Amino acid sequence: MQASADVNRRIARITAHLNPRTNNLKMEGSSNLRLENCRAKGGSPGFKVAILGAAGGIGQPLAMLMKMNPLVSVLHLYDVVNTPGVTADISHMDTGAVVRGFLGQQQLEDALTGMDLVIIPAGVPRKPGMTRDDLFNINAGIVRTLCEGISKCCPKAIVNLISNPVNSTVPIAAEVFKKAGTYDPRRLLGVTMLDVVRANTFVAEVLGLDPRDIDVPVVGGHAGVTILPLLSQVKPPCSFTQQETEYLTSRIQNGGTEVVEAKAGAGSATLSMAYAAVKFADACLRALRGDAGVIECAFVSSQVTELPFFASRVRLGRNGVEEIYPLGPLNEYESWLGKGKERVGWKH
């Protein structure tokens, strides 16, 4: 009898993960068994993470990779379409994180309640011929709505904002949080990790090294000429010819366009963006855990330059950004690239 009761409880828990809104339903054949909105037995402790835009081109691989992260205990997947299918698919993976799906704006608050980290890839992708201004006109409203939900349901969460154009959506998110009285600049981070990932890869190709052994700081913004790879500060230390420097800088700045054109209208950088987003999210989770020395590049509220938001190296901690590092010594070429707001700034 006890074994049967244990089985029923386990079934109830698993069912609750896939459909948490039926929390008070009773299972057939049991008059006192309720579906429990809790973790599955055997899962390891960790952090609660929400992905907003989980059914999109970035969101799906991002959700899959986050499901594989051992630091994630609960993974909430939210979108306005197709979330049930994505949730069911990813929930079959035999990793510790419990997956729950949320569909439509009426379930946004349920998706966000109690989250430690919120990742936002929501919005439309860039297509050939589309400018970031075109993206802004569509994605700004989406980001505003999602951030209103965050300010209400999990104002202390760390927010990783991916939705493009990051140079503009991050300031919009900040204004939403300010209006709600929940703004903490340490907890709002624009994800520019893809620029770093590309820089590491392209530099490794030129040097004939493993990209995992390369670390290139990328500062400025997250669009075209606002992206400034500091090739003079590459680790391990190395030198480049002027031709190599110009080639690498241009390719890093135009990496997104390279993918958009290669996909010929079928989308933008989704897989590499998901990889970069997970790499950055993992850094945030390690910092939340209390790991020391977690340093990455991100687009944040900053006083490094006269611009209110700027991408640079930051040290992450339990409260988000704990320290913002100065640019360090720039060579002549980097100083020339970085002159003026027209190059490293953005018109908000």
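It should be emphasised that the depicted structure is a prediction, and the values quoted were computed from it without experimental measurement.

A few points about the packing of helix 7 (residues 193-207) against helix 10 (residues 271-289)
Phase 1: Two elements in contact, helix 7 and helix 10, have axes whose closest approach is 8 Å; the angle formed by their N-to-C orientations is 110°. When the interaxial angle is binned, helix 7 and helix 10 end up roughly perpendicular. Here Met193, Leu194, Val197 and Asn200 of helix 7 come into contact with helix 10, specifically with Ser272, Met273, Tyr275, Ala276, Lys279 and Phe280.
Phase 2: Partitioned by chemical class, the residues of the contact of helix 7 with helix 10 number seven nonpolar, two polar and one charged.

A look at the layout of surface pockets
Phase 1: What the largest pocket holds in volume is close to 770 Å³.
Phase 2: Taken together, 48 residues make up the lining of the largest pocket; nearest its centre are Ile58, Pro121, Gly123, Val124 and Pro125.
Phase 3: The set of elements that each furnish at least two residues to the lining of the largest pocket consists of strand 2 (72-79), helix 5 (132-153), helix 7, helix 8 (242-253) and helix 9 (255-263).
Phase 4: Per element, the largest residue contribution to the lining of the largest pocket is six residues, and it comes from helix 5.
Phase 5: Class assignment of the residues belonging to the lining of the largest pocket gives a composition of 21 nonpolar, 20 polar and seven charged.
Phase 6: Its volume calculated, the second largest pocket comes out at about 340 Å³.
Phase 7: Lining of the second largest pocket is provided by 17 residues; of these, Val196, Asn200, Ile214, Asp215 and Lys279 occupy positions nearest its centre.
Phase 8: Put simply, the parts of the chain that give the lining of the second largest pocket at least two residues each are helix 7, helix 10 and strand 9 (294-301).
Phase 9: Of all the elements, helix 7 adds the most residues to the lining of the second largest pocket, at five residues.

A closer look at empty space enclosed by the protein
Phase 1: Taken as a whole, this structure holds four cavities of 30 Å³ or more when the rule is applied.
Phase 2: A volume near 70 Å³ is recorded for the largest cavity.
Phase 3: Lining the largest cavity are Ile150, Ser151, Pro155, Ala157, Val159, Phe177, Thr182, Tyr183, Asp184, Arg187 and Leu188.

Quick word on the pairing of strand 10 (residues 309-317)
Phase 1: Across the nine residues of strand 10, seven count as buried, placing the element largely inside the fold.
Phase 2: Here strand 9 pairs with strand 10 via eight bridges, running antiparallel. Along strand 10, the bridge assignment pairs cysteine 297 with arginine 313.
Phase 3: Direction of pairing for strand 10 relative to strand 11 (residues 320-324): antiparallel, over a ladder of four bridges. Bridged to arginine 315 within strand 11 is glutamate 323.
Phase 4: The turn linking strand 10 back onto strand 11 is made up of two residues.

Considerations on the UniProt feature "active site" (unreviewed entry) in the chain
Phase 1: Under the present numbering, the feature "active site" (unreviewed entry) in UniProt falls on His222.
Phase 2: Residue placement: histidine 222 occurs in the loop between strand 7 (218-220) and strand 8 (227-229).

Quick word on the packing of aromatic side chains
Phase 1: Using the criterion set out here, one finds two aromatic pairs in the structure.
Phase 2: Where phenylalanine 299 meets phenylalanine 309, the ring centres are 6.2 Å apart and the plane angle is 25°; that geometry is what we call stacked. Here the residue phenylalanine 299 occupies a position in strand 9, and phenylalanine 309 occupies one in strand 10, the gap between them amounting to ten residues. Summarising the burial analysis for this pair, phenylalanine 299 and phenylalanine 309 share the class buried.

Re unusual backbone geometry
Phase 1: Cis geometry is found at the peptide bond from asparagine 164 to proline 165, where omega equals 0°.
Phase 2: Structurally, proline 165 can be placed in the loop between strand 5 (158-161) and helix 6 (166-180).
Phase 3: With an omega of 0°, the peptide bond between lysine 235 and proline 236 qualifies as cis.
Phase 4: Position of proline 236 among the secondary structure elements: in the loop between strand 8 and helix 8.
Phase 5: Positioned with a positive phi, alanine 264 is a non-glycine residue whose angle comes to about 50°.
Phase 6: Inspection of the secondary structure puts alanine 264 in the loop between helix 9 and helix 10.

Considering the confidence of the model for the chain
Phase 1: For the chain, per-residue confidence averages 88 on the pLDDT scale, and 84% of positions sit at 70 or higher.
Phase 2: Across residues 340-348 the pLDDT falls below 50, and counting only partners more than four positions away or on other chains, this stretch makes 29 contacts in the model.

Digging into helix 7
Phase 1: End to end, helix 7 covers 21 Å across 15 residues, agreeing with the expected 21 Å (1.5 Å per residue, within 8%).
Phase 2: Among the 15 residues of helix 7, eleven are classified as buried, and the element is accordingly described as predominantly covered.
Phase 3: Listing the buried residues of helix 7 in full gives Met193, Leu194, Asp195, Val196, Val197, Arg198, Ala199, Asn200, Phe202, Val203 and Ala204.
Phase 4: Where helix 7 is buried, its residues touch strand 7, strand 8, helix 8, helix 9, helix 10 and strand 9.

Focus on the environment of phenylalanine 310
Phase 1: On the secondary structure map, phenylalanine 310 appears in strand 10.
Phase 2: On the basis of relative accessible area, phenylalanine 310 is assigned to the buried category, the value being 3%.
Phase 3: With 143 residues separating them along the chain, phenylalanine 310 and asparagine 167 place their C-alpha atoms 8.4 Å apart.

Rules and cut-offs
Residues numbered from 1 in each chain as written. Predicted model: local features only at pLDDT ≥ 70, side-chain atom pairs only at ≥ 80, totals over all residues. Heavy atoms only, no water. Axes fitted to C-alpha atoms, helices over the stretch in contact; angles between N-to-C directions. Helix = DSSP H or I, 4+ residues; strand = E, 2+ residues; numbered from the N terminus. Parallel < 35°, antiparallel > 145°, perpendicular 65-115°, else oblique. Contact = heavy atoms within 4.5 Å. Nonpolar A, V, L, I, M, F, W, Y, C, P; charged D, E, K, R; others polar. 1 Å grid on protein atoms, 1.4 Å probe; cavity = no way out; pocket = protein on both sides within 12 Å on 5 of 7 lines; lining within 4 Å. Points joined across faces, edges and corners; volume = space filled by probe spheres on them. Buried < 20%, exposed > 50% of the residue type's maximum accessible area, 1.4 Å probe, protein only. Pairing = 2+ DSSP bridges. UniProt positions renumbered as here; feature names shortened; annotations may be inferred. Phe/Tyr/Trp six-rings, centres within 6.5 Å; stacked < 30°, edge-to-face > 60°. pLDDT = per-residue confidence, 0-100. Expected span 1.5 Å × (residues − 1).

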